[in-house]
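# Fold and contact review
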Amino acid sequence: MREFYTASIGFPTFFFTAALVIVIGFWLLVLFGAADADGFDGDVPLGALGLGGLPVTVAVSAVTVTGWFTGLAGTVVLNRLTGPGLVRALLSVVLLAVALLAAHQVTRLLARLWHSLRPHEPAPSRRDFIGQSCTIRTGRVDGGFGQAEVAVRDGSTAVVQVRQQDGEPPLTRGSTGLLYAYDDDGGFFWVTPQPLGAA
């Protein structure tokens, strides 16, 4: 136990030990609902490090844990094979580099595994809007002009081109319409007034 403690606070493992304490504290906060596990996504460009697709908190945790285990094991071996001195100091610096490299490679492998196991969502299509309600954003809609705002799956909105058949009740700004078809050639939706009681 003493050997474990000495190795965990010795160079170079103490860098990872300090980070590990922070990581454990963070996941305890997540467990008790005081922090959001996805709160840092989008803030750190992991793609440049070859870790794209992996949540930031998972990537940092994997790097920390792998680096800590590598540094700890290497420090224990160095303590048993070498005594204090210049050689030991140089080997400790090499061990730090090895621990960082191992942490990166293991986390990169985890990112690939994560990406392969996650179900891939189909790319959004304009046809996904068919059957949805929209809000007219232009003063009029006819057979050659009109725009409407429609909700997207992620909660944002999109402005789409809409057209209306002759003879239907007119749609004006603020009216609620129903997108019922898409014209591939014209790149617009056919819209009709929202039926009463329809969501």
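The structure we're discussing is the one just above.
Let us look at the structure shown here. (Residues numbered from 1 in each chain as written. Predicted model: local features only at pLDDT ≥ 70, side-chain atom pairs only at ≥ 80, totals over all residues. Heavy atoms only, no water.)

A word on the overall build of the protein chain. Within the protein chain, the regular secondary structure consists of four helices and five strands. Ordered by position in the sequence, the α and β elements of the protein chain form the string α-α-α-α-β-β-β-β-β. Across the 199 residues that make up the protein chain, the buried fraction comes to 32%. Expressed as a percentage of contacts within the protein chain between residues at least 6 apart in sequence, the contacts between residues at least 24 apart total 54%. Carbon together with sulfur atoms contributes 65% to the accessible area of the protein chain, which is approximately 12,400 Å² in total. (Helix = DSSP H or I, 4+ residues; strand = E, 2+ residues; numbered from the N terminus. Buried < 20%, exposed > 50% of the residue type's maximum accessible area, 1.4 Å probe, protein only. Contact = heavy atoms within 4.5 Å. Areas by Shrake-Rupley, 256 points an atom, 1.4 Å probe, with all protein chains shown as cover.)

Right, let's get into the pattern of salt bridges. Should their charged atoms come close, side chains of opposite charge can pair. Taken as a whole and assessed by the stated rule, the structure comprises two salt bridges. Between Glu149 and Arg137 there is a salt bridge; the shortest N-O distance is 3.1 Å. Residue Glu149 is found in strand β2 (residues 147-151), and its partner Arg137 is found in the loop between β1 (133-136) and β2; the two are separated by 12 residues along the sequence. A relative accessible area of 26% places Glu149 in the partly exposed class. You can call Arg137 partly exposed: its relative accessible area is 35%. Among the salt bridges present, the one from Arg140 reaches Asp142, with a minimum N-O distance of 2.2 Å. Residue class for Arg140 comes out partly exposed when judged on its relative accessible area of 44%. (Salt bridge = Lys/Arg side-chain N within 4 Å of Asp/Glu carboxyl O.)

Moving on, we get to the nonpolar core. Ranked by internal contacts, the top residues of the largest apolar core, which has 13 residues, are Cys134, Ile136, Val162, Leu179, Phe189 and Val191. Of all elements in the fold, only β1, β2, β3 (157-163), β4 (176-183) and β5 (188-193) reach the threshold of two or more residues within this core. Excluding residues that lie within four positions of it along the chain, Phe189 makes contacts with Arg126, Phe129, Ile130, Val160, Gln161, Val162, Arg163, Leu179, Ala181 and Tyr182. Core analysis: the next-biggest nonpolar cluster, separate from the first, contains eight residues, Ala7, Leu72, Val76 and Leu96 among them. (Core = buried A, V, L, I, M, F, W, Y, C linked by side-chain atoms within 4.5 Å.)

Tallying each qualifying case throughout the model produces eight aromatic pairs. Taking 5.3 Å as the distance between ring centres and 75° as the angle between the ring planes, the aromatic pair formed by Phe26 and Trp27 counts as edge-to-face. Chaining the aromatic ring pairs together yields one cluster made of Phe11, Phe14 and Phe15. In this arrangement the basic side chain of Arg163 is found over the ring face of Phe188, its NZ or CZ atom lying 5.1 Å from the centre. (Phe/Tyr/Trp six-rings, centres within 6.5 Å; stacked < 30°, edge-to-face > 60°. Lys NZ or Arg CZ within 6 Å of the ring centre and 35° of its normal.)

Strand direction decides the pairing type here: β1 and β4, joined by three bridges, are antiparallel. Bridging from a neighbouring strand, Ser133 pairs with Leu178 of β4. Two elements, β4 and β5, share six bridges in a ladder whose sense is antiparallel. Along β5, the bridge assignment pairs Leu178 with Thr192. The hairpin turn running from β4 into β5, its antiparallel successor, is four residues long, and Gly187 in that turn takes a positive phi close to 70°. (Pairing = 2+ DSSP bridges.)

Okay, the side chain of Thr107 next. Mapped onto the secondary structure, Thr107 falls in helix α4 (residues 86-117). Accessibility expressed as a relative area gives 0% for Thr107, which makes it buried. Contact partners of Thr107, with chain neighbours within four places excluded, come to Leu51, Leu54, Ala59, Ala62 and Val63.

Shape is all these values report; function is a separate question.
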